[in-house]
Amino acid sequence: MLLTPDDSQHRNFSESLGARGLARTRVRDPRIRFVPGNVVLFWQDEHLPHAIEVIDGAIRAVRLWSDGTRQIVTFFWPGSIIAPAALQRYTAETLTRCTLRPREDIVAREPGGTDQALQASLRLLAATGKKSATIRMAWFLLQIREHLPRDPVLSNASRIVIPRNDIADYLGMTLETACRTLAAFRAQGLIDLPTRKTICYLNIPRLLRIASLQAEGTIA
């Protein structure tokens, strides 16, 4: 899937730290910042002098390739620390409105950022390699479940903060396959999708059984 970054739709985090950008929270720690969604925190191959702590919100780490394609390496959730590096190996973009805190106590030291991206890639490969789209999707839904915010309107529903095309890129499948697999899970009563941006987990034990399968085959 091609990535065509539009600078008019992305703002750089370092620029946003200025007076025109992020508003300070009225809390004890003056370093905490609110960052809108769709903001580039840093670009691939940039220098990130210190770590960033994610207090709230969701961030994607995207590796851009020379042919214009992309690979989503991992997602950062509340409690995550984005490791600094003299040369970052991925672009970090906010998916939602985020609350972030610079961590000057964790400074750039190679190979920190490289290791973080590599470890995330290896975990993804181990979890999804040579497995069917059904198994990969079940694994993914279970992985993100604890991180999804509750929907303020629909009871028992969570907000899916990750776009469908990001899910597809992350799991190494087409957008059509990702949507078809989610629709199949809904038809089987494993989940419900009240709206395009919400999800209800209806049968977690069966999702766990599907995710634990080691080879492709018919799901009983």
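Residues numbered from 1 in each chain as written. Predicted model: local features only at pLDDT ≥ 70, side-chain atom pairs only at ≥ 80, totals over all residues. Heavy atoms only, no water.

**Some words on helix α6 (residues 204-212)**
Defined as follows: Exposure classes here rest on a 1.4 Å probe applied to the protein chains alone. A residue is buried below 20% of its type maximum, exposed above 50%, and partly exposed in between. Segments assigned H or I by DSSP are reported as helices when at least four residues long, segments assigned E as strands when at least two residues long, and all are numbered from the N terminus. This arc is built from the directions going out from the helix axis to the C-beta atoms. Any two residues whose heavy atoms approach within 4.5 Å are treated as being in contact.
Along α6, the residues that are buried comprise R206, L207, I210 and A211. Taken down its axis, α6 places every buried residue within 140° of arc, on the same side. For α6, the elements touching its buried residues are α3 (133-144), α5 (175-187), β11 (191-192) and β12 (198-201).

**Here we look at the pairing of strand β8 (residues 91-94)**
This is how the line gets drawn: Two strands form a pair only when DSSP identifies at least two bridges running between them.
Neither face of β8 is left uncovered, since the one carrying T91 and E93 and the one carrying A92 and T94 both have all their residues buried. Two elements, strand β3 (residues 39-42) and β8, share two bridges in a ladder whose sense is antiparallel. Paired with V40 across the two strands is E93, which belongs to β8. One ladder, built from four bridges, connects strand β5 (residues 59-64) with β8; its direction is antiparallel.

**A look at the confidence of the model for the protein chain**
Operational definition: Each residue carries a pLDDT value, the predictor's own confidence for that position, ranging from 0 to 100.
This prediction gives the protein chain a mean pLDDT of 82; 79% of its residues lie at or above 70. This model gives residues 1-9 a pLDDT under 50, and the stretch forms 16 contacts once residues within four places in sequence are excluded. Here residues 215-220 is modelled with pLDDT under 50, and outside its nearest four sequence neighbours on either side it reaches eight contacts, counting other chains as well.

**Quick word on the sheet that holds strand β2 (residues 33-35)**
The strand order across the open sheet formed by four strands is β2-β9-β4-β7, and the pairing between neighbours is antiparallel. The sheet is open, and its two edges are formed by β2 and β7 (81-82), each paired on a single side. The pairing of strand β4 (residues 50-56) with β7 spans two bridges and is classified as antiparallel. Bridge assignment links E53 to a residue of β7, and that residue is I81.

**Quick look at helix α4 (residues 164-171)**
Counting buried positions along α4 gives seven out of eight residues, so the element sits mostly inside the fold. Within α4, the full set of buried residues consists of R164, D166, I167, A168, D169, Y170 and L171. Looking one or two residues beyond α4, the residue adopting positive phi is G172, at roughly 70°.

**Observations concerning unusual backbone geometry**
Residues other than glycine seldom take positive phi values, yet N38 does so here, at roughly 65°. You can see N38 is positioned in the loop between β2 and β3. Phi angles above zero are rare outside glycine, and N156 is one such case at about 65°. Here N156 lies in the loop between α3 and β10 (158-159).

**Quick look at the packing of α3 against α4**
Here is the rule: A fitted line through C-alpha atoms serves as each axis, taken over the contacting stretch for helices, and the angle formed by two N-to-C directions is quoted from 0 to 180°. Note on convention: the crossing is left-handed when the near helix lies turned anticlockwise from the far helix by less than a right angle, right-handed when the turn is clockwise. Residue classes follow a fixed rule: Ala, Val, Leu, Ile, Met, Phe, Trp, Tyr, Cys and Pro count as nonpolar, while Asp, Glu, Lys and Arg count as charged, and any other residue, Gly among them, counts as polar.
Taken N-terminus to C-terminus, the directions of α3 and α4 make an angle of 115°; their axes are 11 Å apart at the nearest point. Seen from above, α3 lies across α4 with right-handed handedness. For the pair α3 and α4, the contacting residues are R136, M137, W139 and F140 in the first and I167, Y170 and L171 in the second. Its residues assigned to classes, the contact of α3 with α4 shows six nonpolar, no polar and one charged.

**Considering the environment of T177**
With respect to the helices and strands, T177 occurs in helix α5. Along the chain, T177 and A133 lie 44 residues apart, while their C-alpha atoms are 7.5 Å from each other.

**What to know about the pattern of salt bridges**
Filter applied, for reference: Definition used for salt bridges: Asp or Glu carboxyl oxygen within 4 Å of a side-chain nitrogen of Lys or Arg.
Scanning the model with the defined rule gives nine salt bridges in all. In this structure, R60 engages D166 in a salt bridge whose closest nitrogen and oxygen atoms are separated by 2.3 Å. One end of the pair, R60, is in strand β5; the other, D166, is in helix α4, and 106 residues separate them in sequence. In the salt-bridge network here, residues are joined through shared partners; they are R60, R70, E93, D166 and D169.

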